[in-house]
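Fold and geometry: a report
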Amino acid sequence: MKTLAKNPAQAHVEFSNSLEELVDYSRRSKSSEFSEAHSRQLLICFEKTHELALDLLTSYFRQLGKGPYSGSRDLTVEAFHADLIDDGKAWLDIVIDRIQYSPVYDIDTQEKFLVNIHKRYIRLLQRFEETMSKKLNE
């Protein structure tokens with residue numbers, strides 16, 4: 001059964017809710033020690049939020065008659081060129097970190113990924129959320 005594509009407003013609500021959850025989770029984790037389970041939950045929450053950001057971009061571009069895109073890298077580059085994200089390199093770093101963190105690779109990148117989430121990536125997602133709020137309310 002085929003599901004209906006979300007419109008950008010619906011995708012934005014889902015992304016915003018997930019981002020709010022991520023920010024809250026990140027704040028709580030800063031005030032306590034990282035347990036393995038807590039770290040894993042933060043990573044899962046971040047990956048979900050990033051996927052929802054990509055879904056929002058996809059639905060926004062679909063509404064404009066653009067796409068489809070072959071993957072998150074192409075979508076990220078298009079979003080940068082459309083001024084929807086302000087730091088294309090950092091967004092590509094997210095894609096790379098997510099690939100390297102994948103259990104397919106035998107590289108221990110969890111600590112670096114967690115630091116990047118706290119210090120860089122949440123801010124990027126928050127700026128993207130602000131940009132999309134403005135775009136969708138025009």
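Everything that follows concerns the structure shown earlier in this document.
Presented here is an overview of the structure given in this document. Bear in mind that the values here come from a model prediction, so they are computed numbers and not experimental data.

Before going further, it helps to examine the nonpolar core. The biggest cluster of nonpolar side chains holds 33 residues, and the ones touching the most others in it are F15, L22, F46, L57, L84, L125 and F128. Counting residues per element, the ones that place at least two in this core are α1 (8-30), α2 (36-63), α3 (72-81), α4 (88-101) and α5 (110-136). The biggest single contributor to this core is α2, with eleven residues.

Here the focus is unusual backbone geometry. Glycine aside, the phi torsion of most residues is negative, and most peptide linkages are trans. With a phi angle near 60 degrees, D83 is a residue other than glycine that sits in the positive phi range. For D83, the location among the structural elements is in the loop between α3 and α4.

Moving on: the pattern of salt bridges. Under the defined criterion, the tally for this structure stands at eight salt bridges. The residue E78 makes a salt bridge to K66 at a minimum N-O spacing of 3.5 Å. Taken together, the residues span a long stretch of sequence, with E78 in helix α3 and K66 in the loop between α2 and α3 at a distance of twelve residues. You can call K66 partly exposed: its relative accessible area is 38%. With a closest N to O distance of 2.8 Å, R127 and D86 form a salt bridge. Taken as a pair, R127 in helix α5 and D86 in the loop between α3 and α4 lie far apart in primary sequence, 41 residues in all. On the accessibility criterion, R127 (32% relative accessible area) is partly exposed. Overlapping salt bridges, with partners in common, bring together E47, E51 and R98 in one network.

Criteria and cut-off values
- Each chain has its residues counted from 1, running along the sequence as written.
- Only residues with pLDDT of at least 70 are given local features in this predicted model, and only at 80 or more are side-chain atom pairs given and counted; all residues enter the totals for whole chains, interfaces and linings.
- Calculated side-chain values reflect all of the structure's heavy atoms, with hydrogen atoms and water omitted.
- We call a set of buried Ala, Val, Leu, Ile, Met, Phe, Trp, Tyr and Cys residues a nonpolar core when their side-chain atoms join them within 4.5 Å.
- Accessible area is worked out with a 1.4 Å probe on protein chains only. A residue is then buried under 20% of its type maximum, exposed over 50%, and partly exposed in between.
- The way it works is that DSSP assigns letters per residue, a run of H or I at least four long becomes a helix, a run of E at least two long becomes a strand, and they are numbered from the N terminus.
- The rule for a salt bridge is simple: a side-chain nitrogen of Lys or Arg has to be within 4 Å of a carboxyl oxygen of Asp or Glu.

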